[in-house]
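# Coordinate analysis (summary)
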Amino acid sequence: MYSGNLTRPSAELERPASVSLAAAQFAVDLRSDTVTRPTPEMREAMFHAVVGDDVYGEDPTVNLLQSRAAEIFHREAALFVPSGSMGNLIAIQVWTRHGHEVICEERGHIHQFEMGSISAIAGCMPRTTYIDDGILTWELIEPLLRPKSRYAAQTGLISLENSHNMAGGTVYPCEIAEEICDRAHENGLPVHLDGARIFNASVALGRGVAELTGKFDSVMFCLSKGLGAPVGSLLLGSHEFIDKARTARKLLGGGMRQAGILAAAGLVALEKSPARLHEDHANARYLAEGLSQLPGVRVDLAKVQTNIVIFDVSDTSRSAAELSAALEKRQILANATGKFALRMVTHCDVDRAGIDRALAAFREIAAPHIADR
Ligand code: TLP
């Protein structure tokens, strides 16, 4: 079993495949779980949604989504936000002030993929550390804390990611996350959770989302990833936190008026989708096992815990971007996440037959090159 370093140091999506609409319709699209299209039930709910002006707090469907999310996560309050990125940024803004440091894992989404908003908008500096499986521990975090000083930047927030996207969808054992929260609180620090895929983590661990997130001061989760909704994320926390978050959302231009039309799809996603996520996990494992049989491909099967498979292609003698382009010609879409790392993400719009197509295409493009060498 391969346990090497698949994604470091290059964690960016190296050449995000951008394909024509027509190609994407017929392709097996494994670029992300963000690519799903709303189900007929979601579209129906959107059509019939009762709406109002949510900036006045008067959209009944948004209010219902927020209260259902708060109920599911055992939280005082929730706020519907347009994207996961905005949800994370709002949380950072609420918990910190300019000049603060935010501790996170090196490949964390808030550090790598949010346009530097952590600094550009929230005025904070990321303080990162690397761990192969993406799962931070208090032992890794403690040395990064800044002692009280009149010279050094001060630690303002710790942010964890569960599941950890760029570590390959790995999940936090509940006890490790709880220990981090407990120790952080003893040190007077809040902890935010980027739980874009917390329902995937919940299915993988067999523990409820409220249980997994209870000790965090704020939680963001996405409706538009594995849950399959077209748009939207939720922020969760105390009344006081959500009140401040609402102001921060408006400041960022995130007040969405008759957003019930989106919340309606989100409600369907929230109620229905968690029950089917195990299918995506089974498909990811099947994919990973299939890939691991192919020449030149290395997959750390221990890291395939949810719906993400990141694998090393350095022994195929082609870069991940070249392989991604070759796959695209065969209507299989996958993103390069490093020079020799490809990411494939399973979701509700890809079934087992699609995974078989992806494996067959990969077999075709990878094999001749091995023989060439
Ligand atoms: N992740 C996207 C890309 O931005 C990389 C993807 O394709 O996986 N937190 C995590 C852990 C995420 O993976 C993402 C999106 C976000 C936050 C941001 O969500 P959005 O795209 O709604 O801003």
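Computed from a prediction, not measured in an experiment: that's the story for all the values here.

### Digging into the side chain of Arg107
Here Arg107 is to be found in the loop between strand S3 (101-105) and helix H5 (109-112). Its relative accessible area of 2% is what places Arg107 among the buried residues. In this structure the side chain of Arg107 is engaged in a polar contact, spanning 2.6 Å, whose partner is the backbone oxygen of Ile131.

### Describing the packing of aromatic side chains
Tallying each qualifying case throughout the model produces five aromatic pairs. With 5.6 Å between their ring centres and 70° between their planes, Phe311 and Phe362 make a pair best called edge-to-face. On the criterion of sequence distance, the pair formed by Phe311 in strand S9 (residues 308-312) and Phe362 in helix H15 (residues 352-372) is long-range, its members being 51 residues apart. We classify Phe362 as buried; its relative accessible area is 0%.

### Quick word on the site of the ligand
Taken together, the neighbourhood of the ligand is formed by 16 residues, with Ser32, Ser85, His109, Asn165 and Asp194 sitting nearest. Taken by itself the ligand offers 510 Å² of open surface, and the protein chains cover 85% of this. No other element matches helix H4 (residues 84-95), which puts three residues into the shell around the ligand. The residue inventory of the shell around the ligand, partitioned by class, reads three nonpolar, seven polar and six charged.

### Notes on the pattern of salt bridges
For the structure on display, the rule yields 24 salt bridges. Two residues, Arg257 and Asp53, come together in a salt bridge whose shortest N-O distance is 3.0 Å. Of this pair, Arg257 sits in the loop between helix H11 (239-251) and helix H12 (260-272) while Asp53 sits in the loop between helix H2 (40-48) and helix H3 (60-72), placing them 204 residues apart in sequence. Classification of Asp53 by relative accessible area gives buried; the value is 14%. Across the pair Arg276 and Asp280 runs a salt bridge whose closest N-O atoms are separated by 2.6 Å. Just as Arg276 is buried, Asp280 falls in that class too.

### What about the environment of Ala259?
Within the element layout of this structure, Ala259 appears in the loop between H11 and H12. Given a relative accessible area of 3%, Ala259 falls into the buried group. With 200 residues separating them in the primary sequence, Ala259 and Asp59 have C-alpha atoms 7.2 Å apart.

### Examining the sheet that holds strand S2 (residues 77-81)
Strands sit in the order S2-S8-S7-S6-S5-S3-S4 across an open sheet of seven strands; the sheet is mixed. Strands with a single pairing partner mark the edges of an open sheet, and in this sheet they are S2 and strand S4 (125-129). Each strand of the sheet is rotated relative to its neighbour by a mean of 20°, with strand direction disregarded. Sheet topology note: the strand S5 (residues 155-161)/strand S6 (residues 191-194) ladder contains four bridges and is parallel. In the sheet register, Glu161 faces S6, and the bridge partner there is Asp194.

### What to know about unusual backbone geometry
Looking along the chain, the bond that leaves Asn162 and enters Ser163 is cis, with omega of -5°. Looking at where Ser163 falls in the secondary structure, it is placed in the loop between S5 and helix H8 (174-186). Its identity as a non-glycine residue notwithstanding, Arg257 has a phi of 55°, on the positive side. Look at Arg257 and you get partly exposed, because its relative accessible area is 35%. Positive phi values are uncommon outside glycine, yet Gln331 reaches one of about 65°. Here Gln331 lies in the loop between helix H14 (320-329) and strand S10 (332-333).

### A closer look at the nonpolar core
Core analysis: the largest hydrophobic core is formed by 50 residues, its most contacted members being Ile158, Leu160 and Phe221. Tallying contributions element by element places H12 first for this core, with seven residues. Excluding anything up to four places from it in sequence, Phe221 contacts Ala69, Phe73, Gly195, Ala196, Ile198, Phe199, Leu227, Ser233, Leu234, Leu236 and Leu270. Core analysis: the next-biggest nonpolar cluster, separate from the first, contains 31 residues, Ala288, Val304, Phe362 and Ile365 among them.

### Describing the domain arrangement of the protein
Here the protein is described as being made up of domain 1 (21-37 + 275-372) and domain 2 (41-273). Its C-alpha centre places domain 1 at a distance of 28 Å from the equivalent point of domain 2. With 19 residues of domain 1 at the contact, the number on the domain 2 side is 23 residues. Of the roughly 1,700 Å² buried between domain 1 and domain 2, counting both surfaces, carbon and sulfur atoms make up 53%. Salt-bridge contacts for Asp33 lead to Arg197; the nearest nitrogen and oxygen are separated by 2.8 Å. Counting the contacts that link domain 1 with domain 2 gives eight residue pairs in polar contact (both at pLDDT 80 or more). Within the residue set of the side of domain 1 that touches domain 2, elements represented by two or more residues are helix H13 (277-292) and S9. With three residues, the top contributor of residues to the side of domain 1 that touches domain 2 is H13. Of the residues assigned to the side of domain 1 that touches domain 2, the class counts are five nonpolar, nine polar and five charged.

Cut-offs and rules
- Residues numbered from 1 in each chain as written.
- Predicted model: local features only at pLDDT ≥ 70, side-chain atom pairs only at ≥ 80, totals over all residues.
- Heavy atoms only, no water.
- Helix = DSSP H or I, 4+ residues; strand = E, 2+ residues; numbered from the N terminus.
- Buried < 20%, exposed > 50% of the residue type's maximum accessible area, 1.4 Å probe, protein only.
- Polar contact = N/O pair within 3.5 Å; in protein donor to acceptor, adjacent residues only side chain to side chain.
- Phe/Tyr/Trp six-rings, centres within 6.5 Å; stacked < 30°, edge-to-face > 60°.
- Near = heavy atom within 4 Å.
- Areas by Shrake-Rupley, 256 points an atom, 1.4 Å probe, with all protein chains shown as cover.
- Nonpolar A, V, L, I, M, F, W, Y, C, P; charged D, E, K, R; others polar.
- Salt bridge = Lys/Arg side-chain N within 4 Å of Asp/Glu carboxyl O.
- Pairing = 2+ DSSP bridges.
- Axes fitted to C-alpha atoms, helices over the stretch in contact; angles between N-to-C directions.
- Core = buried A, V, L, I, M, F, W, Y, C linked by side-chain atoms within 4.5 Å.
- Contact = heavy atoms within 4.5 Å.
- Domains from an automatic or database assignment.
- Buried area = accessible area lost by both parts, 1.4 Å probe.

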